[in-house]
Number of protein chains: 2
Amino acid sequence: MKHEAEELARRAAEGDERSLARLISGIEAGEPVSLEALRSLRATRAGVAANAGAASSAGIEANAGVDASAGVAPPGARVVGVTGAPGSGKSTLVDALVRVSRELDRRVAVLAVDPSSPYTGGAILGDRIRMARWHADEAVFVRSMAARGHLGGLAAAALQVVALLEAVGFDLVLVETVGVGQSEVEVAAAVDTTVVVLTPGQGDGVQAVKAGLMEVADVFVVNKADQPGAERLVRDVRGALGLAGPPPAGTWSPPVLTSVATREEGVAELSAAIDRHREHLEASGASDRARRRRVRGEVRALVAEAVRRELARVPEEELDSVAEGERDARTLAMALLSRAADANA
Amino acid sequence: MKHEAEELARRAAEGDERSLARLISGIEAGEPVSLEALRSLRATRAGVAANAGAASSAGIEANAGVDASAGVAPPGARVVGVTGAPGSGKSTLVDALVRVSRELDRRVAVLAVDPSSPYTGGAILGDRIRMARWHADEAVFVRSMAARGHLGGLAAAALQVVALLEAVGFDLVLVETVGVGQSEVEVAAAVDTTVVVLTPGQGDGVQAVKAGLMEVADVFVVNKADQPGAERLVRDVRGALGLAGPPPAGTWSPPVLTSVATREEGVAELSAAIDRHREHLEASGASDRARRRRVRGEVRALVAEAVRRELARVPEEELDSVAEGERDARTLAMALLSRAADANA
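These numbers were taken from a predicted model, which means no experiment stands behind them. (Residues numbered from 1 in each chain as written. Chains lettered and ligands numbered in written order. Predicted model: local features only at pLDDT ≥ 70, side-chain atom pairs only at ≥ 80, totals over all residues. Heavy atoms only, no water.)

*Asks:* Would you mind going over helix 10 (residues 230–242) of chain B with me for this structure?
*Replies:* Spacing of three or four residues puts side chains on the same side of an α-helix, whose turn is 3.6 residues. Residue and element names in this part refer to chain B. Between its terminal C-alpha atoms helix 10 stretches 18 Å, which fits the 18 Å expected from 13 residues at 1.5 Å a residue. Buried within helix 10 we find Ala 230, Leu 233, Val 234 and Val 237. Each buried residue of helix 10 sits inside an arc of 100° when the element is viewed along its axis, so together they form one side. What points out from helix 10, more than 90 degrees from its buried face, is the exposed set Glu 231, Arg 232 and Arg 235. (Helix = DSSP H or I, 4+ residues; strand = E, 2+ residues; numbered from the N terminus. Expected span 1.5 Å × (residues − 1). Buried < 20%, exposed > 50% of the residue type's maximum accessible area, 1.4 Å probe, protein only. Arc of directions from axis to C-beta.)

*Asks:* I tried to follow the pattern of salt bridges on my own but got confused; where do I start?
*Replies:* Between side chains of opposite charge, pairing is possible as soon as their charged atoms come close. One pass over the full model with this rule turns up 52 salt bridges over all chains. A salt bridge links Asp 320 of chain B to Arg 292 of chain A, with the nearest nitrogen and oxygen atoms 2.8 Å apart. Within this pair, whereas Asp 320 of chain B is found in helix 13 (residues 316–323), its partner Arg 292 of chain A is found in helix 12 (residues 286–313), the two belonging to separate chains. The same class applies to Asp 320 of chain B and to Arg 292 of chain A, which are both buried. Its salt-bridge partner being Glu 298 of chain B, residue Arg 42 of chain B comes within 2.5 Å of it at the nearest N-O pair. (Salt bridge = Lys/Arg side-chain N within 4 Å of Asp/Glu carboxyl O.)

*Asks:* How do you make sense of the packing of helix 11 (residues 267–284) of chain A against helix 12 of chain A when you look at a structure like this?
*Replies:* For any two helices packed against each other, one specifies the inter-axial angle together with the distance between the axes. All names here are of chain A. Taken N-terminus to C-terminus, the directions of helix 11 and helix 12 make an angle of 95°; their axes are 5 Å apart at the nearest point. Classified by the angle between their axes, helix 11 and helix 12 sit roughly perpendicular to one another. Judged by residue contacts, Arg 278, Leu 281, Glu 282 and Ser 284 of helix 11 engage Ala 286, Ser 287 and Arg 289 from helix 12. When grouped by side-chain class, the residues that make up the contact of helix 11 with helix 12 number two nonpolar, two polar and three charged. (Axes fitted to C-alpha atoms, helices over the stretch in contact; angles between N-to-C directions. Parallel < 35°, antiparallel > 145°, perpendicular 65-115°, else oblique. Contact = heavy atoms within 4.5 Å. Nonpolar A, V, L, I, M, F, W, Y, C, P; charged D, E, K, R; others polar.)

*Asks:* Where do I start with unusual backbone geometry in this structure?
*Replies:* Outside of glycine, negative phi angles account for most residues, and trans bonds account for most peptide bonds. Positive phi, close to 60°, is recorded for Glu 264 of chain A, a residue that is not glycine. In this structure, Glu 264 of chain A sits in the loop between strand 7 (256–258) and helix 11. Residue classification places Glu 264 of chain A among the partly exposed positions, given a relative accessible area of 33%. Its identity is not glycine, yet Asp 105 of chain B carries a phi of approximately 65°, on the positive side. Here Asp 105 of chain B shows up in the loop between helix 4 (90–103) and strand 2 (108–114).

*Asks:* Would you explain the packing of aromatic side chains in this entry?
*Replies:* The geometry of two aromatic rings is summed up by the distance between their centres and the angle between their planes. All names here are of chain A. Applying the stated rule across the entire model yields two aromatic pairs over all chains. An angle of 35° between the planes, with centres 6.4 Å apart, marks the rings of Phe 141 and Phe 170 as tilted. Pair noted here: Phe 141 is in strand 3 (residues 140–146) and Phe 170 is in the loop between helix 6 (154–167) and strand 4 (172–178), with a separation of 29 residues, a long-range link. Grouping residues by exposure puts Phe 141 and Phe 170 together as buried. Over the aromatic face of Phe 170 sits the side chain of Arg 107, whose NZ or CZ is 4.7 Å from the ring centroid. (Phe/Tyr/Trp six-rings, centres within 6.5 Å; stacked < 30°, edge-to-face > 60°. Lys NZ or Arg CZ within 6 Å of the ring centre and 35° of its normal.)

*Asks:* Where do I start with the pairing of strand 3 (residues 140–146) of chain B in this structure?
*Replies:* Remember that side chains alternate between the two faces of the sheet whenever the strand is regular. All names here are of chain B. Taking burial as the measure, the seven residues of strand 3 include seven buried ones, the bulk of the element. Residue alternation in strand 3 divides its side chains into two sets, Val 140, Val 142, Ser 144 and Ala 146 and Phe 141, Arg 143 and Met 145, and both sets are buried. Pairing of strand 2 with strand 3, which is carried by seven bridges, proceeds in the parallel orientation. By the bridge assignment for strand 3, Val 113 is matched with Met 145. (Pairing = 2+ DSSP bridges.)

*Asks:* Where do I start with the pairing of strand 2 of chain B in this structure?
*Replies:* Residues and elements named next belong to chain B. Of all the seven residues making up strand 2, six are buried; the element is thus mostly covered by neighbouring parts of the structure. The pairing of strand 2 with strand 4 (residues 172–178) spans six bridges and is parallel. In the strand pairing of strand 4, Val 110 is matched with Leu 174.

*Asks:* Would you mind going over the side chain of Glu 318 of chain B with me for this structure?
*Replies:* All names here are of chain B. Residue position: Glu 318 is located in helix 13. Overall, Glu 318 belongs to the buried group, its relative accessible area being 15%. Among the polar contacts made by the side chain of Glu 318, one reaches the side chain of Arg 327 at a distance of 2.5 Å. Here Glu 318 is in contact with Arg 327, Leu 332 and Arg 339, once residues within four sequence places are set aside. (Polar contact = N/O pair within 3.5 Å; in protein donor to acceptor, adjacent residues only side chain to side chain.)

*Asks:* Is there a simple way to think about the sheet that holds strand 4 of chain B in this case?
*Replies:* For sheets, the rule is that strands pair by backbone hydrogen bonds, running either parallel or antiparallel. Residue and element names in this part refer to chain B. Reading across from one edge, 3-2-4-1-5-6-7 is the order of the seven strands in this open sheet, with parallel pairing throughout. The open sheet is flanked by strand 3 and strand 7 (256–258), the only strands paired with a single partner. Between one strand and the next, the sheet's axes are offset by a mean angle of 20°, whatever the strand orientation. Both strand 6 (residues 219–222) and strand 7 contribute to a ladder of three bridges, which runs parallel. Paired with Val 221 across the two strands is Leu 257, which belongs to strand 7.

*Asks:* Looking at this structure, I do not really get the environment of Gly 30 of chain A. What am I missing?
*Replies:* All names here are of chain A. Residue placement: Gly 30 occurs in the loop between helix 2 (17–28) and helix 3 (32–58). On the accessibility criterion, Gly 30 (19% relative accessible area) is buried. When the C-alpha atoms of Gly 30 and Ala 157 are compared, they prove to be 9.6 Å apart, with 127 residues separating the residues in sequence. Sequence-distant contacts of Gly 30, defined by excluding residues within four places in its chain, comprise Leu 35 and Leu 302.

*Asks:* Which parts of the structure should I look at to understand the side chain of Lys 90 of chain B?
*Replies:* Residues and elements named next belong to chain B. Among the structural elements, Lys 90 can be located in helix 4. Buried and without a salt bridge, Lys 90 has Glu 176 as its closest oppositely charged side chain, separated by 4.8 Å. A polar contact is formed between the side chain of Lys 90 and the backbone oxygen of Gly 84, at a distance of 3.1 Å. (Lys, Arg positive; Asp, Glu negative; His and termini not counted.)

In structure tokens, the structure reads:
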């Protein structure tokens, strides 16, 4: 297994898209070979960063704030969530961001998470269309995830895939989500920067407030800004942000930008705002916190998968004994936890 | 604890709404007293059913198909999911169903699940308005659940509350959900009957197909049937259902009904269709399968809560060791499972 894992890891890190796709599927399924490959990729990156740190410590530009030898992880990819309602032009905006990032010579991965698609294979078709657009460019990778098979938590599973995309060396990972539901909020809690895409004339401002998006947004973009009502929406969002009063010194104040993604207007400005937010995070240590939240998400996905397997195996008599009050559900739940731990030890 | 649990259970079973509300909060929080109360309520119901079975076995009307002494659970409540997009008039329809059910002298509980509300306390306000409507009637209980605090799975947590509502003796439990996302699909998989509410003129038919609702619906209702496009929508849905060909003999073929919930038109017919579906389920043994799926959901909610607690306690160094490839996420996940089992043993 070790050999197979190393081989897959090496090829994925070299940019082989088939190996990467295979690893993603393996990680979604909790397959040991893929998980070992991910560990190995991370170890390599940590080693490189530690060496770079040691080299710079020995030189003149030693950075007193970062002691690489103590095991501080490399900064890794920028992980940016882009969330917006269906029809907000979110995918077009993400594609435009990919183009801008390529001009900056960054390697970019896009992960489109669609929780509204539990049964259909719709995401796959979307994948192919978008993949085709970037097919000639090996530094761009696009993948979609539907809810299917992630009953333990779509968000947690997505964070595992983000970890892999980061580990194989993408500079930017764009996680595209439909802005409703708890999956989005969980993803938003674990990315470095959350971009909320709004559009004029759909009551989106109100929707954003209702769905809790105001609280998670680091950057707002009013897309389709050439349509009526765009200025009004910008004012409304700024007004809603202002209600909380002026932000305390040193905190991030979310900018409200405009774009016309179909004409690539405003996209370079959006990219720059994302960069500024990342710099702010790094200065404040929030990047480390986001990284740890992603690891928590990964661990949760793996636990959920182990539990799901064990739960599927519970005999009907045990379920009936709970329904009839012979024992309580908690006793069965804890027995199941022990069994899942034993089965995977 | 045992005494407190028995006391709460007794009062909730007698119809005391404060005790019931307290038990629901306790169950959502995984509180041992409330879980013990639920177990006790279930044991009482199973005992009553077994006695009833024994009595009828001794008498003339013995039912050869049901051997209560072998521990078959009582039939319990009808658990009906009502799902539809915001604005479909779903809540009005549910209220109308409550009224019809009261005319049939059934005790009714409504659980409104709103996964789109992760941060706000909006559900609480809705609760109060609806509670006020039924306040004078002790045989009606209304409760809302938002996503907040159920990161382990809103659907699983909702199924625990359904188990309690069933155990305190409601004849009908209506679970109202917004028809998007995986929570709905999980709830739909565990209720006895899923009613999908559509409305004309919103492309709802297409939406239903896209969201996987066609597969889970047992009964369709085109609400706002006095609006243009209603007949067309009924035809479209019937057409979509017909695409699969005639259903095999003995299987359920979802009826497509119409209603105008605001005028209570078509609601008695909907109630009758739900009853017919229930009879069909009982004849085919599917009711038992739904009941077991609900217990699975409950157990999953409790496991998820235990895991969430343990995950929050993981020291930063352990998370960093995963991010740096010193160990893989799976090893940490399994260690966490063992710790969660030990902590709750």
